[in-house]
Amino acid sequence: MLAKEIADILCAAPLTEWDEKIMNQDYRNVFATDLMSDALAMIQDNEESTVLLTGLCNSQTLRTAEMLDVRFIVFVRGKYLQDIDLEMAKNMDITCLATDLTMYDACGRLYQKGVAGIYG
Amino acid sequence: MDSILQKEYTVVQDDYVNAGKVSSDIKTTLAEIGISPKILRKIAVASYESEINLIIHAYGGKVYLDVSDDGYISLVFKDPGPGIPDLEKALTPGWSTASEKARGMGFGAGMGLPNIQRVSDEFDIESSPQGTTLKLGFRAAV
Ligand SMILES: Nc1ncnc2c1ncn2[C@@H]1O[C@H](COP(=O)(O)OP(=O)(O)OP(=O)(O)O)[C@@H](O)[C@H]1O
Ligand SMILES: [Mg+2]
């Protein structure tokens, strides 16, 4: 599914620049967690097509994505990144969106549309 | 076997602002010498988990990176305490003594050490109240 379709389904707004290239890229896997060590342990491949869905909104979320080569994060429950973290996301080439939906609703909507978890 | 690259870093206890910078630099440094993305990713994950442990559990510490010409990458994390009383428990998935503050930053799942062990080709940990030394090794083609 295209990143922009995911944004649409989640009614998510961009926190970082809306990059057409990334928004037209295909994302097939979702991993949802607030625990970064879970993400670091579970996302073992398909990182280029994986979306990280999280309610944890700080620099460590970005660092985790950086280590994993995950380039697309959606923050749930209407969380926003501080300016300093937005700057960091930009430098890391990570696209960040935010939705007001809760984690449960965000996951449910994507699941309903057929987006798979990390095991494909 | 000669060393072709050596770097040393200092990690400060409770420094959440800079947490991850060392691992980010290690990842960039190794990318520059041509380590493949797949191996790079494993090293970055292990390094980051270890770096965070120095920040949230230890009194800070030192990180030593060494690459030898046969492609062996060594990472050593050395801290001055307080040590891990029960290593077996610490290596069990889900076991954690992380503080509320560390949990607020997204850590404390008790997954760090088991994951570090899983992604590294060599894993050795020694601990006493005087400190913990974690030695990791990765085999890469350079
Ligand atoms: N360098 C260290 N010094 C002292 N204690 C440590 C150190 N590293 C790990 N520990 C102890 O081992 C436990 C397990 O570590 P591990 O990295 O597996 O999990 P965690 O750090 O608690 O949570 P996570 O890594 O999932 O965020 C820690 O909770 C802590 O008690
Ligand atoms: Mg840990």
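A quick note: this is a predicted structure, and the numbers were derived from the prediction, not measured.

Topic: the site of ligand 1
Stage number 1. Near ligand 1 you find 20 residues, and of these B:His57, B:Ser96, B:Thr97, B:Gly108 and B:Met111 are the closest.
Stage number 2. Mapping the residues near ligand 1 onto chains gives chains A and B.
Stage number 3. Within the backbone of B:Gly112, a nitrogen or oxygen atom sits 3.0 Å from an oxygen atom of ligand 1.
Stage number 4. If ligand 1 stood free it would expose 600 Å²; the protein chains cover 95% of that surface.
Stage number 5. Contributions of two or more residues to the shell around ligand 1 are made by helix H2 (37-56) and helix H5 (112-119) of chain B.
Stage number 6. Considering each element in turn, the shell around ligand 1 owes the most residues, three residues, to H5(B).
Stage number 7. Looking at side-chain class alone, the shell around ligand 1 contains nine nonpolar, nine polar and two charged residues.

Topic: the pairing of strand S2 (residues 61-68) of chain B
Note on strand geometry: in a regular strand, side chains alternate between the two faces of the sheet.
Residues and elements named next belong to chain B.
Stage number 1. Where strand S1 (residues 3-11) lies against S2, eight bridges are found, and the strand directions are antiparallel. The partner of Tyr9 across the bridge, within S2, is Val63.
Stage number 2. The pairing of S2 with strand S3 (residues 72-79) spans six bridges and is classified as antiparallel. Within S3, the residue paired with Tyr64 across the bridge is Val76.

Observations regarding the nonpolar core
Stage number 1. Counting 64 residues, the largest nonpolar core has B:Ile26, B:Leu30, B:Val63, B:Ile73 and B:Leu75 as the members making the most contacts within it.
Stage number 2. Among the elements that line this core, the one with the most residues is H2(B), at eleven residues.
Stage number 3. Sequence-distant contacts of B:Ile26, defined by excluding residues within four places in its chain, comprise B:Tyr9, B:Ile43, B:Ser47, B:Val63, B:Leu65 and B:Leu75.
Stage number 4. Counting 21 residues, the second largest nonpolar core, distinct from the first, contains A:Ala3, A:Tyr27, A:Leu97 and A:Val115.

Digging into the environment of A:Thr61
All names here are of chain A.
Stage number 1. Mapped onto the elements of the fold, Thr61 is located in helix H4 (residues 59-68).
Stage number 2. In this structure Thr61 comes out as buried when scored by relative accessible area, which is 0%.
Stage number 3. Not counting residues within four places of it along the chain, the set of residues in contact with Thr61 comprises Met36, Leu52, Thr54, Leu56, Ile73 and Phe75.

Cut-offs used in this document
Residues numbered from 1 in each chain as written. Chains lettered and ligands numbered in written order. Predicted model: local features only at pLDDT ≥ 70, side-chain atom pairs only at ≥ 80, totals over all residues. Heavy atoms only, no water. Near = heavy atom within 4 Å. Polar contact = N/O pair within 3.5 Å; in protein donor to acceptor, adjacent residues only side chain to side chain. Areas by Shrake-Rupley, 256 points an atom, 1.4 Å probe, with all protein chains shown as cover. Helix = DSSP H or I, 4+ residues; strand = E, 2+ residues; numbered from the N terminus. Nonpolar A, V, L, I, M, F, W, Y, C, P; charged D, E, K, R; others polar. Pairing = 2+ DSSP bridges. Core = buried A, V, L, I, M, F, W, Y, C linked by side-chain atoms within 4.5 Å. Buried < 20%, exposed > 50% of the residue type's maximum accessible area, 1.4 Å probe, protein only. Contact = heavy atoms within 4.5 Å.

Note that all results are geometric; they support no functional claim without further evidence.
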